[in-house]
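Here are the chains, one letter per residue:
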Amino acid sequence: MKTGLGRLEMALVGFLVWGLAMPVLAERPVRTEPDRFDVVAIDPGHGGEDFGARGSSGLREKDLVLDVSRRLARRLEKHGLRVLLTREDDRFVPLVARNRQANAQRADLFLSIHANASRSRKPAGVETFFLSLEATDEASKKLAERENRSSGGRGSGGDLPDSLAALLGDMTADDAMRESNVFANLANSELASLGPFPSRGVKQAPFVVLMSAEMPSALVEIGFVSNPVEEHHTRHAHSAVA
């Protein structure tokens, strides 16, 4: 029987491998060797002095998502894909440097993995996001603001643009956002099948880590560490392979 994180990894593998062949992406011009469609960038959120969310029993987001990302990378490599991890250990990487790595390696998909938290212990489930200047709702807006503070003005690796609109305007926008929408919905569909916690749907928000990505991109919040049941579930699976 697979652990909770094992089932999560398999779902992520499923939508990433399927995503490499999904019709909306296949509409792109076919590229020949060695520049073929087979590179996935996985971004484990936070790191270093940026712990991210923390559960009531001490589970740290930065540790959980690095574990998930490493094991997801190994599974994808077994499927013949080349994987770029934006951080491979417990270190701080500026948000804008993460998608720059993906762009430099000409990645075909970019997935940022995070774990959520709430002041209430009740929220649970997976949320999937793609980039938009306007957030779907107030909760999505606040979540993006919280994740964007990971930059903290420290070591940004370059000056951020004066406005999010300017950044979005620089994207190869329409195609990238349309494909990101499809990518995020595919991710949500796969993850929603896991249970027992409900999918919280596909949403939009201005996440800095998704900006300037030159490929379809999505951010997945794999669960709420602030929910005692979800935290216990993920901590048990995380500890089993630590």
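Here is a short report on the structure shown in this document. (Residues numbered from 1 in each chain as written. Predicted model: local features only at pLDDT ≥ 70, side-chain atom pairs only at ≥ 80, totals over all residues. Heavy atoms only, no water.)

Quick notes on the overall build of the protein
Phase 1: Regarding its fold elements, the protein presents eight helices and six strands.
Phase 2: Within the protein, contacts between residues at least 6 apart in sequence are counted, and of these 84% link residues at least 24 apart.
Phase 3: Accessible area of the protein: about 11,300 Å², with a carbon and sulfur share of 52%. (Helix = DSSP H or I, 4+ residues; strand = E, 2+ residues; numbered from the N terminus. Contact = heavy atoms within 4.5 Å. Areas by Shrake-Rupley, 256 points an atom, 1.4 Å probe, with all protein chains shown as cover.)

As for the pattern of salt bridges
Phase 1: If you walk through the whole model with that rule in mind, you get eight salt bridges.
Phase 2: Put simply, Glu127 and Arg200 hold a salt bridge, and the shortest N to O gap is 3.3 Å. Here Glu127 is found in strand β4 (residues 126-131), whereas its partner Arg200 is found in strand β5 (residues 199-205), with 73 residues between them in sequence.
Phase 3: Residue class for Glu127 comes out buried when judged on its relative accessible area of 5%.
Phase 4: A relative accessible area of 32% places Arg200 in the partly exposed class. (Salt bridge = Lys/Arg side-chain N within 4 Å of Asp/Glu carboxyl O. Buried < 20%, exposed > 50% of the residue type's maximum accessible area, 1.4 Å probe, protein only.)

Quick look at the environment of Gly201
Phase 1: Its place among the elements puts Gly201 in strand β5.
Phase 2: With 74 residues separating them in the primary sequence, Gly201 and Glu127 have C-alpha atoms 5.7 Å apart.
Phase 3: Other than its neighbours up to four places away in sequence, Gly201 contacts Val126, Glu127, Thr128 and Asn188.

Concerning unusual backbone geometry
Phase 1: Even without a glycine there, the phi angle at Arg106 is positive, about 50 degrees.
Phase 2: Inspection of the secondary structure assignment puts Arg106 in the loop between α4 (95-104) and β3 (109-116).
Phase 3: Its relative accessible area of 45% is what places Arg106 among the partly exposed residues.
Phase 4: Non-glycine residue Ser212 carries a positive phi angle of around 70 degrees.
Phase 5: With respect to the helices and strands, the residue Ser212 is situated in the loop between β5 and β6 (217-224).

Focus on the environment of Gln105
Phase 1: Relative to the elements of secondary structure, Gln105 occurs in the loop between α4 and β3.
Phase 2: Placed 22 residues apart in sequence, Gln105 and Val83 show a C-alpha to C-alpha distance of 9.9 Å.
Phase 3: Excluding anything up to four places from it in sequence, Gln105 contacts Val39, Arg82 and Leu84.

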